[in-house]
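# What the coordinates show
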Amino acid sequence: MSTVWLQVGQCGNQIAQELWHTLGLVDGSCRKIDRNPFCSRDGKLSAVCVDSESKVIKKMQKQMKKGLFRESNLIVGKQGRGKNWACGYNKPLNSEESLLYKTMERLRKEVELRDCYSGTVLFHSLSGGTGAGLGSHLCEEIRDEYPLGQILSVAVAPYQTGECPLQHYNILLCLSWLQRYTDGIFLFYNDDVLRRALASMGKKNIRVLSQVSLLSMNTYIADCVAGLLFPVSNFEPTSGLNMGVEPWELVRSVCPVPTMKFLHVAQTSTRGQVFWDSMVSSVTHFLDPESSTGSPHYSTSLLSVARSNHCSLIQPQSSAMKKLQRAYGCVSWNPFPLSLWTASCDMRDPTGQRHSLTVCANHSSIVDLLKHTLEKAQKMYSAKAYIHWYRQYGCGEGDFEQAFDTLSSVEAEYCSAGE
């Protein structure tokens, strides 16, 4: 319908793969639907998959039912990007064999198949060479090629304890590009996802964190994305055929200010009898009430998506929604901070036995990541650590200085908005 789905790098492809499982598209059920927001008229998924190495996409091909993807939309390079943003962004640029050129060509063909192209949803990581570097360049190219289309990023930040010596540079540069070229950013933190995935498994002992698999974490992220972007009753026309406007209505709802577009996403689910107040307590359990400096966190806008056959029990003025607004610290200057979307059943269980609550907030917790990234990256940059690894791929001092300025401005904007 209106959206093209772009999977970039190992992380982006793995998360998107779990999303298609969650939505029930892997078994080919989308072929039975004439108009599906995730597929074209021929039943093929409206997705372009790209990675600089072949192992993830090859594994995906084996696991997924043959025919779900267009073979030409699976784009694989011959060499990794060494977890280097500059290598992913710049290598190589002008060759028809480059991943950037091939991806943009396939994206163009998918856009031409849309009834009404509204934008692109991009899955990627912030710290990898392909996900962060190539993902940043793709955002820039898509914005230049399709200026009227919107871009929604689903980005994953690494563990704060460290996954790669270059991760602070990569996060710095990638976030600055996302700020400049996207319209909204679902930002998932591996540390937070790990805790929430553990809770969703019904385990409370923090010592078993190491037992949470990467698949469980990817599944949690996919559930959150599906909870927000799967069709809801609010936008169902009289014909009953959903046009897939959810991603862009979401951006309009929670990203009204272009300088503040970082979104905190969380989800909880239950089976059997549903108590919405209890679900609100569960979804806000891991929400930090204040920043590392002691300042209270706040939200400028909030979207809640309830999927259940008991949605009549939850209303914008219900006690559960008021409790949710207090927990997320909705600012007083926004007279209508909350949007509520509902659906008659959860996408994982059409029988109505599963109930889910997904929350998307334009939340000031991004300031903690920005402060941490700016501090770590500035120390490394001042010591000129690893700078030569970026210079050899054309990333100079101007790129770093501009990235520092961009993220510093975002940090200041979020800090001032809560005053």
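What you see is a predicted model; the values in this text were computed from it and never measured.

## Let's talk about the environment of glycine 227
- Tracing the chain through its elements places glycine 227 in helix α8 (residues 214-229).
- Considered as a pair, glycine 227 and threonine 130 are 97 residues apart in the sequence and their alpha carbons are 27 Å apart.
- In this structure glycine 227 touches Gln267, Val305, Arg307, Met347 and Thr358, once residues within four positions along its chain are discounted.

## Some details on the packing of aromatic side chains
- Applying the stated rule across the entire model yields 16 aromatic pairs.
- For the ring pair tryptophan 5 and phenylalanine 123, a centre distance of 6.4 Å and an interplane angle of 25° mean the geometry is stacked. Of this pair, tryptophan 5 sits in strand β1 (residues 3-8) while phenylalanine 123 is found in strand β4 (residues 119-125), placing the two residues 118 residues apart along the sequence.
- Among the residues examined, phenylalanine 123 registers a relative accessible area of 0% and is labelled buried.
- Between the aromatic rings of tyrosine 390 and phenylalanine 400, the centroid separation amounts to 5.6 Å while the plane-to-plane angle is 70°, which identifies the pairing as edge-to-face. Pair noted here: tyrosine 390 is in helix α13 (residues 387-391) and phenylalanine 400 is in helix α14 (residues 397-417), with a separation of 10 residues, a long-range link.

## Let's talk about the sheet that holds strand β6 (residues 184-189)
- Pairing is mixed across the open sheet formed by 10 strands, whose spatial order is β3-β2-β1-β4-β5-β6-β7-β10-β8-β9. Two strands in the sheet have a free side with no partner beyond their single neighbour: β3 (74-76) and β9 (338-343). Averaged over all pairs of adjacent strands, the angle between strand axes in this sheet comes to 20°, irrespective of strand direction.
- Here nine bridges tie strand β7 (residues 262-271) to strand β10 (residues 354-363), and the two strands are oriented antiparallel to one another. Within the sheet, the bridge partner assigned to alanine 266 lies in β10 and is valine 359.
- Strands β7, β8 (299-307) and β10 of the sheet are contacted by helix α10 (residues 276-283), whose axis makes an angle of about 50° with β10.

## Here's the deal with the side chain of glutamine 7
- In this fold, glutamine 7 is placed in strand β1.
- Overall, the relative accessible area of 0% leaves glutamine 7 in the buried class.
- Of the polar contacts made by the side chain of glutamine 7, one reaches the side chain of asparagine 13; its length is 3.0 Å.
- A distance of 2.9 Å separates a polar atom in the side chain of glutamine 7 from a polar atom in the side chain of tryptophan 20.

## A word on helix α4 (residues 99-113)
- Along its 15 residues, α4 runs 21 Å from first to last C-alpha, staying within 8% of the 21 Å computed at 1.5 Å per residue.
- Listed in full, the buried residues belonging to α4 are Leu99, Leu100, Thr103, Met104, Arg106, Leu107, Glu110 and Val111. Summarising the axial view, the buried residues of α4 lie within an arc of 165°, below the 170-degree limit, and thus occupy one face.

## Things to note about the confidence of the model for the chain
- On average, the chain scores 89 in pLDDT, and the residues at 70 or more come to 92%.
- Low confidence marks residues 29-34, where pLDDT is under 50. Its contacts with residues over four positions away, or in another chain, come to 12 contacts.

Calculation notes
- Residues numbered from 1 in each chain as written.
- Predicted model: local features only at pLDDT ≥ 70, side-chain atom pairs only at ≥ 80, totals over all residues.
- Heavy atoms only, no water.
- Helix = DSSP H or I, 4+ residues; strand = E, 2+ residues; numbered from the N terminus.
- Contact = heavy atoms within 4.5 Å.
- Phe/Tyr/Trp six-rings, centres within 6.5 Å; stacked < 30°, edge-to-face > 60°.
- Buried < 20%, exposed > 50% of the residue type's maximum accessible area, 1.4 Å probe, protein only.
- Pairing = 2+ DSSP bridges.
- Axes fitted to C-alpha atoms, helices over the stretch in contact; angles between N-to-C directions.
- Polar contact = N/O pair within 3.5 Å; in protein donor to acceptor, adjacent residues only side chain to side chain.
- Expected span 1.5 Å × (residues − 1).
- Arc of directions from axis to C-beta.
- pLDDT = per-residue confidence, 0-100.

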